[in-house]
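What follows is each chain in one-letter form.
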Amino acid sequence: GRLTYSEMDQPLLVDKTSAQTVLGRRLESCWTAWRNLNSYLKCAICLLVYYSIAMIGYSQSERWSTLDIIYFSTITLTTVGYGDIAPKTTGGKLTTIILIYSGILLVGSLLADIFETIFDAHEGVFLEELKEIRREAPPIDD
């Protein structure tokens, strides 16, 4: 029942396809759950993650107060950029880079959700207006 030394040296063979399938199913299930969340809840979660990254990054690298972290993160997210405070350490600068890119993704995602909600709510009206425009438009000669 005991493994010999040579048996323990052998690589463990794992079926790569089944591992990828399981991972794929889990990711798909997480993505589906995320897409089905209320837009306001998604927004709150994204902002919580955004400010958590800021809190961890700036409190460790810049030693800023909580108010300064929230203030700087907010003016970075909204692209106001007053310039009155700025990170001076490498860690603070890296945190800022992460916040800038995640802020772009956050705002883009939220805008997409807002426009999708508006379109879904008024889809029938949009389609009727489009049909009306097409009826009134002169034919295009080739």
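Structure shown above.
Residues numbered from 1 in each chain as written. Predicted model: local features only at pLDDT ≥ 70, side-chain atom pairs only at ≥ 80, totals over all residues. Heavy atoms only, no water.

Points about a nonpolar patch on the surface
Basically, it comes down to this: For patch detection, residues must exceed 30% relative accessible area and be free of salt bridges, and they are connected within 9 Å for like charges or within 5 Å for nonpolar side chains (Val, Leu, Ile, Met, Phe, Trp, Tyr). All accessible areas in this document rest on Shrake-Rupley with a 1.4 Å probe, and a residue is counted as covered only by the protein chains that are shown. Salt bridges are defined by distance alone: a side-chain nitrogen of Lys or Arg within 4 Å of a carboxyl oxygen of Asp or Glu. Strands here mean DSSP runs of E at least two residues long; helices mean DSSP runs of H or I at least four residues long; both are numbered from the N terminus. To sort residues, take the accessible area from a 1.4 Å probe on protein chains only and compare it with the maximum for the residue type: under 20% means buried, over 50% means exposed, and anything in between is partly exposed.
A cluster of nonpolar residues, Val107, Leu111, Ile114, Phe115, Ile118, Phe119 and Phe126, forms a patch on the protein surface that exposes about 630 Å² of accessible area. Positionally, isoleucine 118 belongs in helix 5 (residues 90–136). The class of isoleucine 118 is partly exposed, set by a relative accessible area of 41%.

Some words on the nonpolar core
The cut-off we apply is this: The term nonpolar core refers to a set of buried residues drawn from Ala, Val, Leu, Ile, Met, Phe, Trp, Tyr and Cys, joined through side-chain atoms within 4.5 Å. By definition in these notes, contact holds between two residues if any of their heavy atoms fall within 4.5 Å.
Tyr50, Ala54, Tyr58, Trp64, Ile69, Phe72, Ile75, Leu77, Leu99, Leu106 and Leu110 together form the largest nonpolar core, which totals eleven residues. Going through the elements one at a time, helix 3 (39–61), helix 4 (66–77) and helix 5 are the ones with two or more residues in this core. Broken down by element, the residue count for this core peaks at four residues, all from helix 4. Ignoring anything within four residues of it in the chain, the contact list for isoleucine 75 reads Val80, Gly81, Tyr82 and Asp84.

A short note on helix 5
As a reminder, the rule being used: The quantity called bend is, for any residue, the angle between two axes fitted respectively to the seven residues ending at it and the seven beginning at it.
Approximately 70° is the largest bend angle found in helix 5, and it occurs at histidine 122. Restricting attention to buried positions, one finds in helix 5 the residues Gly92, Thr95, Thr96, Leu99, Gly103, Leu106, Leu110 and Asp113.

Regarding the packing of helix 3 against helix 5
How two helices pack is summed up by the angle between their axes together with the distance between the axes. Let me state the cut-off plainly: All axes here are fitted lines through C-alpha atoms, helices being fitted over the stretch that makes contact, and every angle between N-to-C directions spans 0 to 180 degrees. Roughly parallel refers to an angle under 35 degrees, roughly antiparallel to one over 145, roughly perpendicular to one between 65 and 115, and oblique to any angle outside these ranges. In this count, Pro and Cys sit with the nonpolar residues alongside Ala, Val, Leu, Ile, Met, Phe, Trp and Tyr, while Asp, Glu, Lys and Arg are called charged and the others, Gly among them, polar.
Packing of helix 3 against helix 5 leaves a shortest axis separation of 10 Å and a crossing angle of 175°. Comparing their axes, helix 5 and helix 3 come out roughly antiparallel. Across the interface between the two elements, Ser39, Lys42, Cys43, Cys46, Leu47, Tyr50, Ile53, Ala54, Gly57, Tyr58 and Ser61 from helix 3 touch Gly91, Gly92, Thr95, Thr96, Ile98, Leu99, Ser102, Gly103, Leu106, Leu110, Asp113 and Thr117 from helix 5. Looking at the contact of helix 3 with helix 5 residue by residue, the class counts come to eleven nonpolar, ten polar and two charged.

Considering the packing of aromatic side chains
Filter applied, for reference: Pairing of aromatic rings covers Phe, Tyr and Trp, the last through its six-membered ring, and needs centres within 6.5 Å; plane angles under 30 degrees mean stacked, over 60 mean edge-to-face, and all others mean tilted.
For the structure shown, the criterion picks out six aromatic pairs. Here tyrosine 58 and phenylalanine 72 contribute two aromatic rings whose centre-to-centre distance is 5.5 Å and whose plane-to-plane angle is 85°, an arrangement assigned as edge-to-face. Of this pair, tyrosine 58 sits in helix 3 while phenylalanine 72 sits in helix 4, placing them 14 residues apart in sequence. Phenylalanine 72 matches tyrosine 58 in its accessibility class, with the two residues each being buried. Relative to phenylalanine 72, the ring of tryptophan 64 lies with its centre 5.2 Å away and its plane at 70°, an arrangement referred to as edge-to-face. Members of the aromatic cluster, connected to one another through ring pairs, are Tyr58, Trp64 and Phe72.

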